[in-house]
Every structure is written in structure tokens, then in C-alpha cells.
Amino acid sequence: MQIPSKSSEEDNTSAPTTGLLKWIEDYKNKIRPEEELQAEVDEYLKEFDAKAETGDNQADDDEWTVVGKNGKQAGFKQKESVVSKLEAKLLKDREKLMPTFYANQAREYKKQHLIKLKKKFAEDKSKIEHIKKHRRFKPF
């Protein structure tokens, strides 16, 4: 397909370009010249290198960047109380995730649950016996 080009007669007229010629002209105007683009990239890289030299990040001998503790998001201090809460939460999440994915897991889960209930019942029963012996049992 031959793309029509503007003739010298069309340049002299003040009529705006339309159709395919307008699209081609718009496309050519969007593309920046290589020299202009290269100059902008070089300028940006110079600024970037200047910031890197004055920055707090230091490079090791192996060109690894050492990240300091002071930053925008330095994190939180991990105290024992925080760590234990996080571990407890993770444990609960694991239990809730899918304890009964397979049929045998469902059976095991039910068995363990019944064992826990029986153990709790036995503990409560022994507490009640102990309270009755010491005459502190007042249910109502």
C-alpha cells in the first residue's frame, strides 16, 4: 500500500491535514529525536550518580549495597512479647487453615477433639470434688 505524501501545493494551503496523513504526522511527532532522548538520559544518570555518592547506602568490596536500619520503614523492634504473640497467631492460623482436608485427617481431628473434651471434663470434675471437700461449693 502506497502512503500518499503531501505535495508542495498542499503545503501552501491553510487546510488542516486529515485522515491517514494526519495519523502519520501525529505518529512522527510522538517519536522524539535520538539526540534529544540521549541527552535527557545522560542528564538523569548524572543526577542519579550524584545522589548515589552522597547517599547513606555504602557498597561493600563485592559491590553489595549495605542497607541500614534507619529508613522510611525501618520495621519494629522484636521484643519477646511481640514475637510470642506473632507465633501464637501463626499457630492459630495454621490450625484454622485446613485441619480436615483429607478424610483420615477429619477422623483424627474428631478423635483429638473428643480426647480434649474428656480431659477437660475430668479436670472440671476433679475441681468440683476438691471444692466440695473443702465446703466451698455453692452452685446457686
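Since the model is a prediction, treat every value here as computed from it, not as a measurement.

A.B. asks: Requested: an account of the overall build of the protein chain, with residues and values cited.
C.D. replies: The secondary structure content of the protein chain amounts to 5 helices and 2 strands. Along the chain direction, N to C, the helices and strands of the protein chain fall in the order α-α-α-β-β-α-α. Residues classed as buried in the protein chain amount to 0% of the 140 residues present. Of the roughly 14,800 Å² that the protein chain leaves accessible, carbon and sulfur atoms contribute 55%.

A.B. asks: So what's going on with the packing of aromatic side chains? Residues and values would help.
C.D. replies: One pass over the structure, following the stated rule, counts 1 aromatic pair. Look at Tyr44 and Phe48: their rings are 6.5 Å apart centre to centre, the planes differ by 25°, and that puts the pair in the stacked class. Residue Tyr44 and its partner Phe48 are located together in helix α3 (residues 34–54), separated by 4 residues, close to a single helical turn. For Tyr44, a relative accessible area of 54% corresponds to the exposed category. According to the relative accessible area criterion, Phe48 is partly exposed, its value standing at 48%.

A.B. asks: Requested: an account of the pattern of salt bridges, with residues and values cited.
C.D. replies: For the coordinates displayed, the defined rule picks out 4 salt bridges. Here Lys22 and Asp26 are joined by a salt bridge, their closest N and O atoms 3.3 Å apart. Of this pair, Lys22 and Asp26 are both found in helix α2 (residues 19–30), 4 residues apart, which corresponds to roughly one turn of the helix. Several salt bridges share partner residues, and in doing so they unite Arg32, Glu36 and Glu40 into one network.

A.B. asks: Any details on the environment of Gln105? Residues and values, ideally.
C.D. replies: Mapped onto the elements of the fold, Gln105 is located in helix α5 (residues 103–133). At 3.0 Å, the side chain of Gln105 forms a polar contact with the backbone nitrogen of Tyr102.

About the thresholds
- Residues numbered from 1 in each chain as written.
- Predicted model: local features only at pLDDT ≥ 70, side-chain atom pairs only at ≥ 80, totals over all residues.
- Heavy atoms only, no water.
- Helix = DSSP H or I, 4+ residues; strand = E, 2+ residues; numbered from the N terminus.
- Buried < 20%, exposed > 50% of the residue type's maximum accessible area, 1.4 Å probe, protein only.
- Areas by Shrake-Rupley, 256 points an atom, 1.4 Å probe, with all protein chains shown as cover.
- Phe/Tyr/Trp six-rings, centres within 6.5 Å; stacked < 30°, edge-to-face > 60°.
- Salt bridge = Lys/Arg side-chain N within 4 Å of Asp/Glu carboxyl O.
- Polar contact = N/O pair within 3.5 Å; in protein donor to acceptor, adjacent residues only side chain to side chain.

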